[in-house]
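Structure at a glance
This is what each chain is made of:
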Amino acid sequence: MSFEDTLLRLRLIARKNGKYVMNKLFNDYLTGHFNKEVNTSCLLCGSESNLTKEHVLPKWVFENDSKRTFTTDVNQLPQKYIGTTLPMCATCNSEILNTLEKYIQKTLVEVDLKTKYYSSENWGNIIRWLETIDFKFQLIDITTKFRAHKEAGYIPFLAGLSISEMRDFSIRTIKSKSRLSLKRISTKDKSKMANSLIVGTTKIKTFNYFHKSGQFIHIEIPKYNKVFFYFFDREFKNDENAKKEAMKIIKSVYEEE
Ligand SMILES: [Zn+2]
């Protein structure tokens, strides 16, 4: 399969299978079959055969560091990147997402920002790659939420939730968010979003990552001396405006720590 065919396949899966898988996930949750579904089919295409574990953040990004953790806004409990995987079939994991990752790694090696810049094709594919990470983290958020509520023994629509829980948990909101995320992956042309991606060089020694699902993502990868910031849902007239906005967010995150 050529790289173009792989991308086409990814877009088709996001457009066709993705919607079906998401609907099934939500229905199964509401009817109490949730855990079964999550463990027995690919969360991208829905296939039930050749299931593998897809890392939500690729291992080469977090340097295979078994100690590095992140927290989701769902339960604030630290979770290890290494143990954070989603069930995906071998085709989606190795053939599609891994092919895209290999392309990204190759681009990161080949393009030294001092002498050369990314082609619009490179640029669009970096965006698409970040979109797939966003979608995977959304799936983690959704499944963590579902598990938390299942373990607590009630279905949010039927039982009394505290106001703070309600704020974070509306099926309609997370459903439309995940649909938007899939729609982005299924869109071929990324030129409208070109200014929303900021790429720079970094001298940081260990990888760094933060992310607000459906809004923005920040990844610093020391191995390639690169830093990426991307706004999933905002278009900018020029990259200066995007940079300014990104700097504000980065500053506020570092001040919090
Ligand atoms: Zn699949």
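Here, the structure is the one placed above.
On a predicted model such as this, the values are computed, not experimentally measured, just so you know.

For the protein chain, the helix and strand inventory stands at seven helices and eight strands. If you sum the accessible surface of the protein chain, you get close to 13,400 Å²; carbon and sulfur atoms cover 51% of it.

Okay, the coordination of the zinc ion next. In the first shell of the zinc ion, the protein supplies Cys 42 (SG), Cys 45 (SG), Cys 89 (SG) and Cys 92 (SG), at 2.3 Å from the metal. One can describe the donor arrangement at the zinc ion as tetrahedral, given that its four donor atoms subtend angles of 105 to 118° at the metal. Here the donor residues of the zinc ion are spaced in sequence according to C-x2-C-x43-C-x2-C. With Cys 45 in the loop between α2 (34–40) and β1 (51–55) and Cys 89 in strand β4 (residues 85–89), this residue pair connects regions lying 44 residues apart in the sequence. Here Cys 45 and Cys 89 have matching classes, each one buried.

Attention now moves to the nonpolar core. Note that soluble globular proteins tend to have their nonpolar side chains buried in a common cluster. Residues Leu 57, Trp 129, Leu 130 and Ile 219 are the most contacted members of the largest nonpolar core, which totals 61 residues. Those elements that place two or more of their residues in this core are α1 (3–30), β4, α3 (90–110), α4 (120–151), α6 (171–186), β5 (197–201), β7 (216–221) and β8 (226–231). A total of 12 residues in this core trace back to one element, the largest contributor, which is α4. Counting residues in each nonpolar core, the second largest holds 11 residues, with Phe 216, Phe 231, Phe 236 and Ala 246 among its members.

Take the packing of aromatic side chains next. According to the stated counting rule, one finds 18 aromatic pairs in the structure shown. Taking 5.3 Å as the distance between ring centres and 75° as the angle between the ring planes, the aromatic pair formed by Tyr 81 and Phe 207 counts as edge-to-face. Note that Tyr 81 is positioned in the loop between β3 (78–80) and β4 and Phe 207 in the loop between β5 and β6 (208–212), a separation of 126 residues in sequence. Classification of Phe 207 by relative accessible area gives buried; the value is 1%. An angle of 85° between the planes, with centres 6.4 Å apart, marks the rings of Phe 210 and Phe 216 as edge-to-face.

Moving on: the pairing of β5. Burial analysis of β5 places four of its five residues in the buried class, which makes it a mostly covered element. Relative to β8, β5 is paired through five bridges, and the arrangement is antiparallel. Residue pairing across strands places Ile 198 opposite Phe 229, the latter belonging to β8.

Direction vectors running N to C along α1 and α3 enclose 125°, while the axes themselves pass 10 Å from each other. The orientation of α1 with respect to α3, classified from their angle, is oblique. The hand of the α1/α3 crossing is left-handed. In contact with Phe 3, Thr 6, Leu 7, Arg 9, Leu 10 and Ile 13 of α1, α3 contributes Thr 91, Cys 92, Glu 95, Ile 96, Leu 97, Thr 99, Leu 100 and Tyr 103. Its residues assigned to classes, the contact of α1 with α3 shows nine nonpolar, three polar and two charged.

This part covers the pairing of β4. With four of its five residues buried, β4 lies for the most part within the structure. Of the pairings in the sheet, the one linking β1 to β4 comprises five bridges and is antiparallel in character. Across the sheet, Glu 54 pairs through a bridge with Leu 86, a residue of β4.

Time to look at the sheet that holds β7. With antiparallel pairing, the four strands of this open sheet are ordered in space as β5-β8-β7-β6. Looking at the sheet topology across the chains shown, the edges are occupied by β5 and β6. For this sheet the average axis-to-axis angle between neighbouring strands, irrespective of direction, equals 10°.

Given a rise of 1.5 Å per residue, 16 residues ought to cover 22 Å, and the 22 Å separating the end C-alpha atoms of α6 matches this to within 8%. Buried within α6 we find Ile 171, Ile 174, Ser 178, Ser 181, Leu 182, Arg 184, Ile 185 and Ser 186.

Moving on, we get to the packing of α1 against α6. Put simply, α1 and α6 touch, their axes get as near as 8 Å, and they point 165° apart. Overall, the two elements α1 and α6 adopt an arrangement that is roughly antiparallel. The interaxial crossing formed by α1 with α6 has right-handed handedness. Between α1, through Leu 10, Arg 11, Ala 14, Arg 15, Gly 18, Lys 19, Met 22, Asn 23, Phe 26, Tyr 29 and Leu 30, and α6, the contact on the second element is made entirely by Ile 171, Ile 174, Lys 175, Ser 178, Arg 179, Leu 182, Ile 185 and Ser 186. Looking at the contact of α1 with α6 residue by residue, the classes come out as 10 nonpolar, four polar and five charged.

Rules of the game
Residues numbered from 1 in each chain as written. Predicted model: local features only at pLDDT ≥ 70, side-chain atom pairs only at ≥ 80, totals over all residues. Heavy atoms only, no water. Helix = DSSP H or I, 4+ residues; strand = E, 2+ residues; numbered from the N terminus. Areas by Shrake-Rupley, 256 points an atom, 1.4 Å probe, with all protein chains shown as cover. Donors = N, O, S within 2.8 Å, 3.2 Å for Na, K, Ca; no water. Tetrahedral: all angles 85-135°; square planar, octahedral: opposite > 155°, others 65-115°. Buried < 20%, exposed > 50% of the residue type's maximum accessible area, 1.4 Å probe, protein only. Core = buried A, V, L, I, M, F, W, Y, C linked by side-chain atoms within 4.5 Å. Phe/Tyr/Trp six-rings, centres within 6.5 Å; stacked < 30°, edge-to-face > 60°. Pairing = 2+ DSSP bridges. Axes fitted to C-alpha atoms, helices over the stretch in contact; angles between N-to-C directions. Parallel < 35°, antiparallel > 145°, perpendicular 65-115°, else oblique. Left-handed = near helix turned anticlockwise from the far one by under 90°. Contact = heavy atoms within 4.5 Å. Nonpolar A, V, L, I, M, F, W, Y, C, P; charged D, E, K, R; others polar. Expected span 1.5 Å × (residues − 1).

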